[in-house]
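Structural overview
Spelled out from the first residue to the last, the chains are:
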Amino acid sequence: MANSKKTKTMKHLQEIVEAAKIRGRKRLAVAYGQDSHTIEAVYDAYNEGLVEPILYGDRIVIEQVCKELDIDSSVFRIIDEKTDVKAAALAATAVATGEADVLMKGILPTDKYMRSILNKDLGLCPPKGVLSHVSVFEWSGYHKLLLASDIAIILQPDIKQKQKQIDYLRQVAVALGVETPKIGCVAPSEQVLPASVSSIEGAMLAKMADRGQLGNVVVDGPLSLDVALFKEVAEHKKVKGSTIAGDVDALLFPNIESGNVFFKSVSHLAGGEIAAIVMGAKVPCVLTSRGDSAASKKYSIALACLLAR
């Protein structure tokens, strides 16, 4: 997000909400938004002044859930569609045609949601574009907001896709006030292991960043997860040559398995909250797990609104 003024670095997810509110309400199209977590999050986002919500889903179910949650369903514009795939297609069409500013996944599988974004007829994804997932974590185990990619979309990113992921991490970090993000490429060890693809590509990306090929970022790799996050571990292991060990702003995971396990460990085992979106489409697209809390979904809506044009 371009801004001529220096932005204060955000330390909490609630600060994303406050920053997004300043930008005014965005029109939010929710694909199959008929579960309690989604409806509660969207209602909270409406009350926070973030969105004008449009729910695509089964009207009867939506109104029943609202009744159970003691939510006034009249604040929602409801487009009645009982099939999840068709609801997703209608929501995606709304953002593609300019009727909405932000897209959000409701209670439907990620693959169906992503197919609606990738529909070539809608043009939400640029030709040969790369879509990737960026998460922002807040939990007591780390001293600041932490970004990560990719936990939901790219199964096994190649080095070109990793370059795009680094750029998406940079864009989100800048929106959060981090002018020069420090990005760690996660691998099994901080030692360069010739037999490990994540190790070799982490070292390559670090050198590319040193040469200015990846924009205004500091990239280091390979880094084991503990070295990337904890300075005392880096010091104990006597890691040399790293300026970011123990203080990364973002993690680049080598594959979806490692990223997804980290995501769910932070949210379910460590009690963390998360904001998560899809980057690379023409509009910000909220993508959270169906099991994520209503609070995490609200933070994700706020992040998408902050990045929306």
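That block above? That's the structure.
Values in this document were obtained by computation on a predicted structure and should not be read as measured data.

Along the chain, Glu201 turns up in helix H7 (residues 197-210). Here Lys162 takes part through its side chain, which lies 2.7 Å from a polar atom of the side chain of Glu201. Once residues within four sequence positions are removed from consideration, Glu201 is found in contact with Pro157, Asp158, Ile159 and Lys162.

On to the state of the cysteines. In the structure shown here, the tally under the stated rule is zero disulfides. Here Cys125 stays unpaired: no disulfide links it, and the sulfur of Cys285, its closest cysteine neighbor, is 9.5 Å away. Overall, the relative accessible area of 19% leaves Cys125 in the buried class.

A full pass over the atoms with the stated rule returns one cavity of 30 Å³ or more. A volume near 40 Å³ is recorded for the largest cavity.

Our next topic: the pairing of strand S2 (residues 51-57). A large share of S2 lies buried, amounting to six of its seven residues. Bridge analysis of strand S1 (residues 26-31) against S2 gives six bridges, and the strand direction is parallel. Across the sheet, the residue bridging to Ala31 is Tyr56, located in S2. Considered for its hand, the β-α-β crossover made up of S1, helix H2 (residues 36-47) and S2 is right-handed. With four bridges connecting them, S2 and strand S3 (residues 77-80) associate as parallel partners. Note on S3: the bridge partner recorded for Gly57 is Asp80.

Right, let's get into the sheet that holds strand S8 (residues 218-223). Spatially, the 11 strands line up as an open sheet ordered S3-S2-S1-S4-S11-S10-S5-S6-S9-S7-S8, and their pairing is mixed. With partners counted over all chains shown, the strands left at the sheet margins are S3 and S8, one partner each. On the sheet, helix H4 (residues 84-96) packs against S1, S2, S3 and strand S4 (102-105) and is oriented at approximately 160 degrees with respect to S1. The sheet strands contacting helix H11 (residues 294-307) are S1, S2, S4, strand S5 (132-138), strand S10 (273-279) and strand S11 (285-286), and the helix crosses S10 at an angle near 40 degrees.

Position of Ala96 relative to the elements: it lies in helix H4. Distance from Ala96 to Ile117, taken between C-alpha atoms, is 9.2 Å for residues 21 residues apart in sequence. Contacts of Ala96, omitting those with residues within four sequence positions, involve Leu122 and Leu124.

Between its first and last C-alpha atoms H11 spans 20 Å; for 14 residues at 1.5 Å apiece the expected length is 20 Å, and the two agree. When you tally the buried positions in H11, you get 13 out of 14 residues, the bulk of the element.

What follows deals with H7. The terminal C-alpha atoms of H7, which comprises 14 residues, lie 20 Å apart, in line with the 20 Å expected from a rise of 1.5 Å per residue. Taken as a whole, H7 has its buried residues at Ser198, Ser199, Glu201, Gly202, Leu205, Ala206, Met208 and Ala209. Looking at the packing, one finds that the buried side of H7 touches helix H6 (159-175), strand S7 (182-186), S8 and strand S9 (250-252). Taken from the residues just after H7, Gly212 is the one with a positive phi, measuring 80 degrees.

Most of S8 sits inside the fold, with five of its six residues counted as buried. With four bridges connecting them, S7 and S8 associate as parallel partners. Within the sheet, the bridge partner assigned to Val186 lies in S8 and is Leu223. Of the crossover connections in this fold, the one passing from S7 over H7 to the parallel S8 is right-handed.

Here we come to a nonpolar patch on the surface. A contiguous nonpolar patch, built from Val192, Ile200 and Met204 and spanning about 230 Å² of accessible area, is present on the exposed surface. The topology assignment puts Met204 in helix H7.

The next point concerns the layout of surface pockets. Taken as a whole, the largest pocket encloses approximately 390 Å³ of empty space. Gln171, Ala281, Lys282, Leu307 and Arg309 are the residues nearest the centre of the largest pocket, which is lined by 18 residues in total. In terms of residue count, H6 provides more of the lining of the largest pocket than any other element does, three residues in total.

Right, let's talk about the packing of aromatic side chains for a bit. By the definition in use, this model includes six aromatic pairs. Note on Phe137 and Phe262: the rings are 5.3 Å apart at their centroids and 75 degrees apart in plane angle, and the pair reads as edge-to-face. On the criterion of sequence distance, the pair formed by Phe137 in strand S5 and Phe262 in helix H10 (residues 256-269) is long-range, its members being 125 residues apart. By relative accessible area, Phe137 is classed as buried at 0%. According to the relative accessible area criterion, Phe262 is buried, its value standing at 9%. For the pair Phe253 and Phe262, a centre-to-centre distance of 5.3 Å together with 40 degrees between the ring planes defines the contact as tilted. Across the pair, Phe262 and Phe253 agree in class, each one buried.

What counts, and where the lines are drawn
- Residues numbered from 1 in each chain as written.
- Predicted model: local features only at pLDDT ≥ 70, side-chain atom pairs only at ≥ 80, totals over all residues.
- Heavy atoms only, no water.
- Helix = DSSP H or I, 4+ residues; strand = E, 2+ residues; numbered from the N terminus.
- Polar contact = N/O pair within 3.5 Å; in protein donor to acceptor, adjacent residues only side chain to side chain.
- Contact = heavy atoms within 4.5 Å.
- Disulfide = S-S within 2.5 Å.
- Buried < 20%, exposed > 50% of the residue type's maximum accessible area, 1.4 Å probe, protein only.
- 1 Å grid on protein atoms, 1.4 Å probe; cavity = no way out; pocket = protein on both sides within 12 Å on 5 of 7 lines; lining within 4 Å.
- Points joined across faces, edges and corners; volume = space filled by probe spheres on them.
- Pairing = 2+ DSSP bridges.
- Right-handed = clockwise from strand over helix to strand, strands pointing away.
- Axes fitted to C-alpha atoms, helices over the stretch in contact; angles between N-to-C directions.
- Expected span 1.5 Å × (residues − 1).
- Patch = residues over 30% accessible without salt bridge, like charges linked within 9 Å, V, L, I, M, F, W, Y side chains within 5 Å.
- Areas by Shrake-Rupley, 256 points an atom, 1.4 Å probe, with all protein chains shown as cover.
- Salt bridge = Lys/Arg side-chain N within 4 Å of Asp/Glu carboxyl O.
- Phe/Tyr/Trp six-rings, centres within 6.5 Å; stacked < 30°, edge-to-face > 60°.

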